[in-house]
Amino acid sequence: MAHLNFLGMGVALVTPFNKNKEIDYSALKRVIDHVVDNGADFLVALGTTGETPALSAKERKEIKDFVREYSDGRIPLVVGVGGNNTAEIVEQLKEEDFSGYSAILSVVPPYNKPSQEGIFCHFKAIAEASPLPVILYNVPGRTGVNMTADTTLRLAREVQGIIGIKEASGNIHQIQRLIREKPEDFTVLSGDDGMTYPLMTLGVQGVISVLGNAYPKEFSEMVHLCLEGNYIEAVDYHFKYREIIRLLFADGNPAGVKCVMHDMGLIENELRLPLVPVSENTASEILHWVNTLK
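Structure report, in brief. Note that the structure is a prediction, hence the values are computed from the model and not measured.

1. Describing the nonpolar core
Within the largest apolar cluster, 88 residues are counted, with the highest numbers of intra-cluster contacts made by Leu 43, Val 67, Phe 123 and Ile 162. With seven residues, helix H10 (residues 231-248) is the single largest residue contributor to this core. Aside from chain neighbours lying at most four places away, what touches Leu 43 is Val 11, Leu 13, Ile 32, Val 35, Val 36, Ile 75, Pro 76, Leu 77 and Val 78. Of all hydrophobic cores here, the second largest spans 15 residues; its members include Phe 42, Val 44, Val 107 and Ala 168.

Listed below in structure tokens is the structure:
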């Protein structure tokens, strides 16, 4: 059912800050309008790109409520709910109001480095507690542990309510196995903008994107061309945006995309420590490529 909402291009929303490092809700309105009006298929609030670890619990709740109220049903919503304390996440899922959202996105527990059995039990507990369907998020470059294809497929087959995965392992063999062996109603989404085109030629069904904050129209067009099987036309977008995607992550995410969005007049170029803006050299390279894309 709900998994049908999550084909195509989702945007992992940035959290704009003002000069005082406070959440800039006026800028967040501009960002939401920008991505919704230019082809995004769904929004993801409180993901990695939203600098969620640097937000207080109160701020996270305020952003969740704000995104729901301002988007006003224009587009399906996903909210990030994850961490490395399973019991705490389960309590949050039972106590908080998730009305207006269609799914949660939950990351493999970082830092603890659980076994595959621990990962399975963690997500099983989350799915059983969640009032919404669950999209798994595998990003070993950040969490320190990879969720194997065996574990993902076991969760997809055995645990009700788990409907898909944002797969950012970068392991092409692992991702191909997921595509080949997954249940029919389980969605595999790219978690890596730069790999989205090649992965979609193999059967991945969309992306949760960082680039989509800045270039939602263009990246959405590429994704939808792929969904239609028009890979020849889609590859032009892939090559056109390949270098800017590389640069967006050169000094970490979301520093790169915030640099671009500041140049576009959408947000201030502000991050919260321990994250900082891109270096002057990276900013110069990014803005050079931004100008070539105009």
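2. Some points on the packing of aromatic side chains
Within the structure shown, the criterion is met by five aromatic pairs. Between Phe 66 and Tyr 70, the ring centres sit 6.0 Å apart and the planes meet at 10°, which makes this aromatic pair stacked. With Phe 66 and Tyr 70 both in helix H2 (residues 57-71) and four residues apart, the pair spans about one turn of that helix. A residue is classified by how much of its surface remains accessible, and Phe 66, at 16% relative accessible area, is buried. By relative accessible area, which is 25% here, Tyr 70 ends up partly exposed. Joined through ring pairs, the aromatic side chains of Tyr 25, Phe 66 and Tyr 70 make up one cluster. The ring centre of Tyr 70 lies 5.3 Å from the NZ or CZ of Arg 74, which sits over that ring. Sitting above the plane of the Phe 120 ring, Arg 154 keeps its charged end 3.5 Å from the centroid.

Procedures and definitions
Residues numbered from 1 in each chain as written. Predicted model: local features only at pLDDT ≥ 70, side-chain atom pairs only at ≥ 80, totals over all residues. Heavy atoms only, no water. Core = buried A, V, L, I, M, F, W, Y, C linked by side-chain atoms within 4.5 Å. Buried < 20%, exposed > 50% of the residue type's maximum accessible area, 1.4 Å probe, protein only. Helix = DSSP H or I, 4+ residues; strand = E, 2+ residues; numbered from the N terminus. Contact = heavy atoms within 4.5 Å. Phe/Tyr/Trp six-rings, centres within 6.5 Å; stacked < 30°, edge-to-face > 60°. Lys NZ or Arg CZ within 6 Å of the ring centre and 35° of its normal.

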